[in-house]
Every structure is written in structure tokens, then in C-alpha cells.
Amino acid sequence: MTDIAALDADIGRASDALLRNQRQDGHWVFELEADATIPSEYVLLRQYLGEPDAPELERKIGVYLRRIQGEHGGWPLFHGGAFDLSASVKAYFCLKMIGDDPQAPHMAKARAAILAHGGAAKANVFTRLLLAQFGELSWNDVPTMPVELILLPRWFPIHLSRMSYWARTVIVPLLVLGALRLQARNPRRIGIAELFAASVGEQQQPKHRTHQKRAWALFFNGLDRVLKLVEPLWPKAMRQRAVDRCVAFVTERLNGEDGLGAIYPAMANSVMMFDALGYPPEHPERAIARRSIEKLLVIREDEAYCQPCVSPVWDTALAAHALFEAGGETAVAAARRGLEWLKPLQELEVRGDWAERRPDVRPGGWAFQYRNAHYPDLDDTAVVVMAMDRARREADAGTAYDEAVGRAVEWVAGLQSHNGGWGAFDADNVDDYLNNIPFADHGALLDPPTADVSARCISMLAQLGHTPSDPPMAAAIGYLERDQEADGSWFGRWGVNYIYGTWSALCALNAAGFDGTRPSVRRAADWLISIQNEDGGWGEDCSSYRLDYQGYETAPSNASQTAWALLGLMAAGETDHPAVARGIAYLRRTQEAGGLWPQDAYTGGGFPRVFYLRYHGYPKFFPLWAMARYRNLKRANSRRVAYGM
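Source: prediction; values computed, not measured.

Asks: Any chance you could break down the packing of aromatic side chains for me, citing the residues and the numbers?
Replies: Using the criterion set out here, one finds 32 aromatic pairs in the structure. Here Phe 491 and Tyr 545 contribute two aromatic rings whose centre-to-centre distance is 5.5 Å and whose plane-to-plane angle is 90°, an arrangement assigned as edge-to-face. Taken as a pair, Phe 491 in the loop between helix 17 (471-482) and helix 18 (498-511) and Tyr 545 in the loop between helix 19 (519-530) and helix 20 (559-571) lie far apart in primary sequence, 54 residues in all. Since its relative accessible area comes to 25%, Phe 491 is described here as partly exposed. Ring centres 5.9 Å apart and planes at 35° place the aromatic pair Phe 607 and Phe 611 in the tilted group. In this structure Phe 611 comes out as buried when scored by relative accessible area, which is 16%. Clustering of aromatic rings is evident, with ring pairs tying together Phe 30, Phe 368, Tyr 500, Trp 503, Trp 564, Tyr 615, Tyr 618, Phe 621, Phe 622 and Trp 625. Between the NZ or CZ atom of Arg 253 and the centre of the ring of Phe 249, over which it lies, the distance is 3.8 Å. Note that Arg 518 overlies the ring of Phe 514, its terminal NZ or CZ placed 3.8 Å from the centroid.

Asks: I'd love a proper account of the sheet that holds strand 4 (residues 604-607), names of residues and values included.
Replies: The sheet built from 3 strands is open, its strands ordered 1-5-4 with antiparallel pairing. Each of the sheet's edge strands pairs with one partner strand only, and the pair in question is strand 1 (32-33) and strand 4. Both strand 1 and strand 5 (residues 611-615) contribute to a ladder of 2 bridges, which runs antiparallel. When the bridges of strand 5 are listed, Leu 32 appears paired with Tyr 615.

Asks: Explain the packing of helix 2 (residues 37-49) against helix 11 (residues 284-294) to me, and be specific about the residues and the numbers.
Replies: Contact geometry for helix 2 and helix 11: axes closest at 12 Å, N-to-C directions at 155°. Of the possible angle classes, the one that applies to helix 2 and helix 11 is roughly antiparallel. Of the two elements, helix 2 crosses helix 11, and the hand of that crossing is left-handed. Here helix 2 contributes Tyr 42, Leu 45, Arg 46 and Leu 49 to the contact with helix 11, which in turn contributes Arg 286, Arg 290, Ile 293 and Glu 294.

Asks: Can you break down helix 2 residue by residue, with the values?
Replies: Residues that lie three or four places apart on an α-helix share one face, since the helix turns once every 3.6 residues. When the terminal C-alpha atoms of helix 2 are compared, their 18 Å separation across 13 residues agrees well with the 18 Å that a helix rising 1.5 Å per residue should span. For helix 2, the buried fraction is high: 13 of the 13 residues fall into the buried class. Two residues or fewer past helix 2, Gly 50 is found with a positive phi of approximately 70°.

Asks: I'd like a rundown of the side chain of Asp 389, residues and numbers included.
Replies: Relative to the elements of secondary structure, Asp 389 occurs in helix 14 (residues 378-394). Exposure remark for Asp 389: the relative accessible area of 5% places this residue in the buried category. Separated by 3.0 Å, the side chains of Asp 389 and Arg 393 make a polar contact. Sequence-distant contacts of Asp 389, that is, excluding residues within four places in its chain, are made with Gln 463 and Leu 464.

Asks: Any details on the pattern of salt bridges? Residues and values, ideally.
Replies: Side-chain pairs of opposite charge can arise whenever the charged atoms involved come near each other. Counted under the stated rule, the structure contains 46 salt bridges. The salt bridge partner of Arg 188 is Glu 58, with a shortest N-O separation of 3.1 Å. Placement of Arg 188 in the loop between helix 7 (165-180) and helix 8 (214-230) and of Glu 58 in helix 3 (residues 55-67) is noted, with a sequence separation of 130 residues between them. The closest approach of N and O atoms between Asp 275 and Arg 286, which form a salt bridge, is 3.0 Å. With Asp 275 in helix 10 (residues 264-276) and Arg 286 in helix 11, this pair connects stretches of sequence that are 11 residues apart. In the salt-bridge network here, residues are joined through shared partners; they are Arg 168, Glu 252, Arg 253, Asp 353 and Asp 426.

Asks: How would you explain the packing of helix 14 against helix 16 (residues 451-463) if you had to name every residue and give the values?
Replies: Helix 16 packs onto helix 14 with a crossing angle of 25° between their chain directions and a minimal axis gap of 9 Å. Judged by the angle between their axes, helix 14 and helix 16 are roughly parallel. Note that helix 14 runs across helix 16; the crossing there is left-handed. Two secondary-structure elements touch here, helix 14 through Leu 378, Asp 379, Ala 382, Val 383, Val 385, Met 386, Asp 389, Arg 390 and Arg 393 and helix 16 through Val 453, Arg 456, Cys 457, Ser 459, Met 460 and Gln 463. A class-by-class count of the residues in the contact of helix 14 with helix 16 yields 8 nonpolar, 2 polar and 5 charged.

Asks: Account for the pairing of strand 4, with residues named and values stated.
Replies: Where strand 4 and strand 5 come together, 3 bridges link them in antiparallel fashion. Bridge pairing links Gly 604 to Leu 613 in strand 5. In textbook terms, the turn of a hairpin is the stretch between consecutive antiparallel strands, and for strand 4 and strand 5 this stretch comprises 3 residues, one of which, Arg 609, has a positive phi near 75°.

Asks: So what about the environment of Gly 70? Which residues, and what values?
Replies: Summarising the element assignment, Gly 70 is placed in the loop between helix 3 and helix 4 (85-97). Between the C-alpha atoms of Gly 70 and Glu 51, which are 19 residues apart in sequence, the distance is 30 Å.

Asks: Residues and numbers for unusual backbone geometry, please.
Replies: In the Ramachandran plot, Asn 255 falls in the positive-phi region, its phi being about 70° despite a non-glycine side chain. Relative to the helices and strands, Asn 255 is located in the loop between helix 9 (236-252) and helix 10. Even without being glycine, Ala 262 reaches a positive phi, approximately 55°. Structurally, Ala 262 is set in the loop between helix 9 and helix 10. Ala 262 sits in the buried class, given a relative accessible area of 4%.

Asks: Tell me what's going on with the side chain of Arg 358, and back it up with residues and numbers.
Replies: Looking at the secondary structure, you find Arg 358 in the loop between helix 13 (329-342) and helix 14. Judged by relative accessible area, which is 15%, Arg 358 ranks as buried.

Criteria and cut-off values
Residues numbered from 1 in each chain as written. Predicted model: local features only at pLDDT ≥ 70, side-chain atom pairs only at ≥ 80, totals over all residues. Heavy atoms only, no water. Phe/Tyr/Trp six-rings, centres within 6.5 Å; stacked < 30°, edge-to-face > 60°. Helix = DSSP H or I, 4+ residues; strand = E, 2+ residues; numbered from the N terminus. Buried < 20%, exposed > 50% of the residue type's maximum accessible area, 1.4 Å probe, protein only. Lys NZ or Arg CZ within 6 Å of the ring centre and 35° of its normal. Pairing = 2+ DSSP bridges. Axes fitted to C-alpha atoms, helices over the stretch in contact; angles between N-to-C directions. Parallel < 35°, antiparallel > 145°, perpendicular 65-115°, else oblique. Left-handed = near helix turned anticlockwise from the far one by under 90°. Contact = heavy atoms within 4.5 Å. Expected span 1.5 Å × (residues − 1). Polar contact = N/O pair within 3.5 Å; in protein donor to acceptor, adjacent residues only side chain to side chain. Salt bridge = Lys/Arg side-chain N within 4 Å of Asp/Glu carboxyl O. Nonpolar A, V, L, I, M, F, W, Y, C, P; charged D, E, K, R; others polar.

The quantities given are spatial measurements derived from coordinates; they are silent on function.
Written out as C-alpha cells, the structure reads:
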């Protein structure tokens, strides 16, 4: 058996395993796991609402939380990560709520770690909000966001349209909760006073977070103190009008059983908002908002957790790409079924929040989730379009996707930002000063253009025939190359991290017609080669997002990041480089008998330094994709097509 024949067999096993995961209607959806925060918040939400006990579900969530507790005593933001105060406070509160003895060894260890880091009062804004709702902190210990914010004109420097989609959907119902300040029902009367290192009044929050500018932070902190003084003086009629406006915002975007914004924090806040306003559990809007949260649960035989959202469009489009690359009648037919499932999910009617800045652009994008009509995203849309274009070329799809592709390209082109790049959900969402407001201690209030999303949009346009001489493409390539790091890599906003960004950018430049003779391509390829691990794979830790990052630090290899590095090197024309052969050997060596790859690493970025994701699908389709592309490029007389991914 030749080497290529042996590789064919491995590709076949991986392809078969991916096919076994396809749903009956043609789509794929894999688990999307975050940290301890959301499962903990889910349990605390039930207690906030005073819902009936669910002992078996709580038992399973407890098993999950205890399993992922770190050796440091607390809970990290990603597998094997450092202690995180806010995640640890919520996990401890949750475990105590479901009956864990505070004197049990795992609880005592967690409590000691939390106190060693300053106690619960030092947690982030959203944790302190939860603690205020449960009466553990005063509302004065939480930054003030008056509900009247929603009434401000669009030109005002602090306006919801200037914030990212995720901030908007989380904050609007939270404005109502902050105005009404309803206390959690907490029928078990559980508190966590033991997590406060001293009297609350002695525990001061830092004057500004590390990502914040001192002058801006001082200004906004002063503004917060003024707001706390004047908030009781707001006219009642104005306050009611603001509450009504918030409710109208939420109900317009309620999104059925997929939930507000289709992300857990916004969904949970919408339920609490309806509850605070006196909507009974059976009220249609509250009931459907509550049901949306249950759809995020992953319940296994002995464990359970709550996902931050679901990723069916992303998973299906990427699985289709991998199967098109793998080839074969069965794989291509399955990919086509996935695209047929995707096609009707394109949003062609609703003019979402993105239209605030681009009112003349027609809708045409896909969302990340099953439904999220007001918030399609550029990244998913570009990946779906490239898969549909592959189907037209490789699967004899005729004109079946022409209309969908045309509308999507029109929408993507219309949301290009003025600097040439693309953000994920909005154009020109770049008012950076907003990350200095006290409420933005996570530093992720905005959705500016990023290299990875921009690369995907460049890839899509190039695959469809747009050339670097076209003005939008020239501007985009200019943005991408300006954003390259000094060492040759690119920052990966939505994937971890520089390996992800560099793979994305190299694929875009390849699709645009550039090879290793272009300096940006050469430097990026050299960087990828230089960071390969001795075992032949590649790895990068989520800690690379820290603000004092000084350059790549070695991390254990994993299948997803190895595949990205390989796809990037092949896009740079390095298929015959020994590093690529070693990377392929690593993937083949670590492939399990069932055809897939093990991976505990978190390789998705939710919010840098705050929230990371473990995409359970990544080790199922990216390694297959990389091995299949390598085989295809190595075959004698193979037809090389510069696909965008």
C-alpha cells in the first residue's frame, strides 16, 4: 500500500465518522462548551425565578462542575487554564445552592482560592450584578446603566447602536432589571457571605481595568458616581417610557425558541426582565423565552451542562467543506444535503441591527445559530457561500445556489468597514472609548473589523472571481496586510489565536492569487514553520490573548490547530515542505480507531481574556480537511483550485 493509499484509508475513516454525525435532515451540530459560568448561572437562574426543584439535573450539573475544577482550587476559563475569580465565585455559589457542604474539601479549596484573590467583591461586573440580585452585594457596588439610556438619540456618544450585537442584547433587558432591582426569590435562602474577604465597603474595585485608558476610565467612573446620585430623580413618566422601549426591543428580537440574540446571557436576562415586570410563567413571551434556554442544555447519563449557544450553521458549512475536500460520491452527496438544509436559513427579509449603519443594503446573510434573524454574521455567510460555490463547481449543482450566493455577496460587500476590513456582525463598530465605561470591564463591548473575519470575506470574494485590482478587494487586502504582526502572524479574534488568524489570512491571500513570493505570505509561512512542535503538531494556548503577550509560547499539539497550520502552509505553497509532512504524520498517528481525534483544548474565542469555547466539532472536520487537501495536492497532475478555505 502506497503512502497516498494509506492516507486515503485514514481520510475514509474520518469521512465516515463525520457522516455518522450528520442529522437526518442533513445538518450537523456539535456541542459548544464554555466554562463553569453558564451552567452555574443556569442553576442560579432557576433559583432566582423560584422554579420547582430539579434534583437530578442539579446532580448532573454538580458532577460536571466538580470534574472541571482546577488544581488551583477554582475554575478556569478553559481546559487547563489559570484560576478565574468570577467563574469560581459562580461555580462555588452554584454548588452550595445544590447542596454541597461548604466544609467539603473541594469547597474549602475553592473558597481559599477565591479569598486569596480578593474575594467575591473583586469579581467582574456581571458576577457582581448576580450577587446584587441575590442580596450579596449592594446595587451601589455595580456600575449604573440607567434604563433611560435607550431613549438617547443615535448621535449621543453612549448609544446602543455603537455597541456590539452581543452587548446590545445582553444590556437592554439588564437595563430594566437594574431599574426595578427585583430580589432573587432564592427559596433555599443560600448565601455566600464567606466569599467576601472583608466588609464590602473596604473592597474597592480597581480604578480601571488593564485594557482601559486611565483618563477615560476616570471620566466614566466620575460619571457613574453622578448617575448614582441623580438616578432616583428621573421623572417616573420618562422611566416608564424607557422600560416600554426596552420591552419593545426585546419582544421584536425574541427569536422564538432560539431566544434573544440566540446567546445564553441575553436569553436569561430576557426571562428575568419579563419576570420582574410581572409576566406570569405562562405568558407567551416569557414562556417561549424560558423554553429557549432549555434547548441549550446538554444532558448525558451522569453529567449535564448548559451551552452558551448552538452552532449548526457554522458546523454544517465547515463539515461540507471538509467532505467536498475528501471527495467521493457519498461524501459529496452528504455535503450537498447539508447545503440544502442551509439554503432556506438565509435571511432575506429582516433588516437587522446592522441596518442602523447600512440602511441601503439588502439582507442576505446567515446566522451562526438555527435562527437569529436580526443578527446574521459575516463569517458564517462567507463560509456558506464558499461551500455553495464549491458545490456549483464540483457537484454539478447548476444554478441551484446562484440567487443565494448573489444576495449573500451583496450583503457582505455592503457591510465592509471604512478601513477595508469586516467585523462579525456590524460595519464600523469602532467607538473604542466605550470599552472604558465601568460596565465594559470585559473589554469586549465592540465588534470592530478583525483579520480572521476579513480574511474570510476576502476569500469569498476572490473565490467568486474578484481580483486584487477591484477597489473593495484592494482595500481589504490592504487592511489585512497592515494588520499582520511583526513576527509574521495574524491575531485570531474568533479562534485561538495566532495560528487561527494566520491560517485564515494565508487562505485569503492564496485565493487572491498571491504565493510565497509575496512578503506577507513568506513571513507568515516562516512563522508557522518556526512554531511547529517536536511531535509534528501545532498548539497554542488561550493565554496568548493576554494584553502583555510577547510572542508565541509553546503549547501541546492538538488536532484542530495542527490542521489550521497545515492548511495555512499549503495555501502558502509549502505542500512539499518537511514541516507539512510531519504535520500530516502527527494527524495520522493521533487519529483514533473510530476515525476521529481526541481534543480537550479550547480553540474558540468568545471574548479574549474573558470567554472561550470548546468546539466539539473542530477535531471532527478540520483534520479531515487538512489530510484530504494534502492528498489532493500531492496527487500527480492534480487540478489545484485556489479555494478560499
